[in-house]
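Breakdown of the fold
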Amino acid sequence: MDDLLEELYPEITLETDDIIMSLSIKKDYSKIEDFDKRKEKFISDLKAFIDEFSETPESDAFMTYYDD
C-alpha cells in the first residue's frame, strides 16, 4: 500500500526532537507559481490539518496511548 501512495502522491517526512511525521500530500501545489506563496499555502494547510486533527476523536484516542 505504501508503494501505491508513493506513486500517487509526493511524500514528506517531518522530524523534530519529539515527533516524526510522514505525510502524503494530495493537493497539487504546482498550480501556485510563486514559490513563496506556494510555501506559505502549504504551511497554512499543514497548520489547518493539525488544528483539525486536534478536534477529532482520533486525537483523543491517540492520547490514551500515554495513560497508565
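I will try to describe carefully the structure that is included in this document. Since the structure is predicted, the reported quantities are computational estimates derived from the model, not experimental observations. In this convention, every chain numbers its residues from 1, walking through the sequence in written order. At least 70 in pLDDT is required for a residue's local features to be given in this predicted model, at least 80 for side-chain atom pairs to be given and counted, and no such filter applies to totals for whole chains, interfaces and linings, which use all residues. Calculated side-chain values reflect all of the structure's heavy atoms, with hydrogen atoms and water omitted.

A look at the overall build of the protein chain
- Of the regular secondary structure elements, the protein chain holds three helices and two strands.
- Helix and strand assignments follow DSSP, with helices taken as H or I runs no shorter than four residues and strands as E runs no shorter than two, numbered in order from the N terminus. Shown N-terminal to C-terminal, the secondary structure of the protein chain runs as helices and strands in the order α-β-β-α-α.
- Throughout, radius of gyration means the C-alpha value; the globule benchmark is 2.2 Å times the number of residues raised to the power 0.38. Taking 2.2 N^0.38 as the reference for a compact globule, 68 residues should give roughly 11 Å; the C-alpha atoms of the protein chain span a radius of gyration of 15 Å, well beyond that estimate.
- A principal-axis box enclosing the C-alpha atoms of the protein chain has dimensions of 50 × 25 × 25 Å.

So, a nonpolar patch on the surface
- Surface patches are defined over residues having more than 30% relative accessible area and no salt bridge, joining like charges when they lie within 9 Å and nonpolar side chains (Val, Leu, Ile, Met, Phe, Trp, Tyr) when within 5 Å. Method for areas: the Shrake-Rupley scheme with a 1.4 Å probe, in which residue coverage is limited to the protein chains shown. Here, a salt bridge means any side-chain nitrogen of Lys or Arg that lies within 4 Å of a carboxyl oxygen of Asp or Glu. A grouping of Phe 53, Phe 62, Met 63, Tyr 65 and Tyr 66 is seen on the molecular surface, where their side chains present a nonpolar patch of about 610 Å² in accessible area.
- Relative to the assigned elements, Met 63 resides in helix α3 (residues 57-63).

Remember that the coordinates give geometry; whether it matters functionally is a separate question.
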